[in-house]
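Read off the chains here:
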Amino acid sequence: MINAASGTPYDYSKPVSCNLRSEKVRLCVAALFLAFSPTSSATEPTSEDVYRTAMQALAEGRESDARDALNQLRNKIPDSAGAWLDLAILHCSLGDQAIAEALFTEIESRFSPPAAILEIIALQRATQCKPAAMKRRRTSLQITRGYDSNANQGASNPNFSIGSGINRIELTVQPAFQPISDQYAAISIDSREKRSSSKGYDSFIKLRLRSYDTLSHLDTGALIAGLEEGWQVNDWKFEGSATAGFTSLGGKPYMYQMQVQANALVPTPLPAGWSFVVGGGLARSHYAELSSSDGYILESWTSLRKRRPNIEWQFNAGAMHDKAINRRPGGNRSGVFGVISVHFKVASDIEAEMSWQQQRWLSKERYAPGLIDIRRDQASALFTTTASIPLTKNSFFITEIQALKNRENISIFGYESTVLQFSWQYRL
């Protein structure tokens, strides 16, 4: 078996000692019981993968994922006492007293545990499996310096035409609307508070500020606040969120948005580490000085994720419908999107992420009858790569590269952009 905290194999030739007051008591208990348990997983790599997934989830605080993995391990190897005990303690911490008690009783009658383990079980029973109300707050500050090759999203092709036939007119985009590069400074503050380990909701707030060296009229700001909550119905696990946000451009109000989303983890017979999620959302946008762009966006998506101790793959695909409230050029529009991302460890402390996103929108009506007599067809592709390097226990150096290509059948809207930025992040 693998030590989830360090990623190294346990050495059973050495004595195992545990501090019962340790916050990582569950991992310690697992090590104790594994020392007395059959090592059947040594000949079954799949079982070891399941256990490693569970321990990694425990170490990262993902209790629901850990419970799923341990349930799979218990069904696969009923004699794995370490998995049974971890599962029992986990259920107890989640308030599942009946399930935890049944597991404790089974452990006592089936494995004849030593005195130290009986003491741990007694301590767990004394809590009556009442989840303690917790107030966890996580805050991060990020300061960024970056470069954007096309800060104003200037048209890649400066030539365009309006009208048709004998009324066709050839025009050229003014220099101010052609690509202009610039450097910028940015600051981000994120704060999240979790009310309870098993019930309640998460609240969060995000602040984003970006200031360009030259193009000050493109300076942006954003403030977003929201709530998230999770619940379970039988084997289905749900998460819901509600957010409200405000965006400024050039120091003036630009857009207000409200959004609700919900997703469900679908119970499927997938191998350990795999998960399948479906979801949907509704957003309402209002533009302060461009009300013709106001609308509702309805979206639905699916997500397939593969998680291993040092790497995680995710595949997302979905559909969108943007309903115009006022007389917007092109009217309503429909779209689809797809995302492939991978998060992995380059070294023991260095993490990296790469993602590729493809999105397409198609308007229902001609964009501007008599001038632009076609439906707007927009296809964008975004590639992002990020690396995070720890500097101290709470501070990190982050570098990010973005490459965006926005292809359009109306040439004045098509543009390309490359962004390079370096950030210092401090986490509390």
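See the structure printed just above.
What comes next concerns the included structure. Predicted model, so just to flag it, every value in this text is computed and none were measured.

**Observations regarding the overall build of the chain**
Working step 1: Helix and strand content of the chain: 6 helices and 16 strands.
Working step 2: Buried residues in the chain amount to 36% of all 428 residues.
Working step 3: A fraction of 54% describes how many contacts in the chain between residues 6 or more apart in sequence connect residues 24 or more apart.
Working step 4: In the form shown here, the chain has an accessible surface area of approximately 23,800 Å², with 56% of it arising from carbon and sulfur atoms.

**Digging into the nonpolar core**
Nonpolar side chains tend toward joint burial in soluble globular proteins.
Working step 1: In terms of nonpolar packing, the biggest core is built from 14 residues, with L85, F104 and I121 touching the most fellow members.
Working step 2: When residues of this core are traced back to their parent elements, those giving at least two are α4 (81-93), α5 (97-111) and α6 (115-126).
Working step 3: Considering each element in turn, this core owes the most residues, 6 residues, to α4.

**Describing the side chain of D219**
Working step 1: Structurally, D219 is set in the loop between β5 (201-212) and β6 (220-233).
Working step 2: Buried and unpaired, D219 has R210 as its nearest opposite-charge partner, separated by 8.3 Å.
Working step 3: If we skip the residues at most four places from it in the chain, D219 touches R210, S211, Y212, S248, L249, G250 and G251.

**Brief notes about the packing of aromatic side chains**
Working step 1: What the rule picks out here adds up to 9 aromatic pairs.
Working step 2: Relative to F238, the ring of W236 lies with its centre 6.3 Å away and its plane at 20 degrees, an arrangement referred to as stacked.
Working step 3: Here W236 falls in the partly exposed class, since its relative accessible area comes to 36%.
Working step 4: Centre to centre, the rings of Y254 and Y287 are 5.6 Å apart; their planes meet at 85 degrees, and the pair counts as edge-to-face. A residue pair is termed long-range when its members are at least 10 positions apart, and Y254 in strand β8 (residues 252-265) and Y287 in strand β9 (residues 274-287) qualify at 33 residues.
Working step 5: Its relative accessible area of 35% is what places Y254 among the partly exposed residues.

**Focus: unusual backbone geometry**
Working step 1: Located in the positive-phi region is Q153, a residue other than glycine, with phi close to 55 degrees.
Working step 2: As for its position among the elements, Q153 is in the loop between β1 (133-148) and β2 (159-162).
Working step 3: Phi is positive for N234, which is not a glycine, with a value near 55 degrees.
Working step 4: With respect to the element layout, N234 can be found in the loop between β6 and β7 (236-249).

Scoring rules and cut-offs
Residues numbered from 1 in each chain as written. Predicted model: local features only at pLDDT ≥ 70, side-chain atom pairs only at ≥ 80, totals over all residues. Heavy atoms only, no water. Helix = DSSP H or I, 4+ residues; strand = E, 2+ residues; numbered from the N terminus. Buried < 20%, exposed > 50% of the residue type's maximum accessible area, 1.4 Å probe, protein only. Contact = heavy atoms within 4.5 Å. Areas by Shrake-Rupley, 256 points an atom, 1.4 Å probe, with all protein chains shown as cover. Core = buried A, V, L, I, M, F, W, Y, C linked by side-chain atoms within 4.5 Å. Lys, Arg positive; Asp, Glu negative; His and termini not counted. Salt bridge = Lys/Arg side-chain N within 4 Å of Asp/Glu carboxyl O. Phe/Tyr/Trp six-rings, centres within 6.5 Å; stacked < 30°, edge-to-face > 60°.

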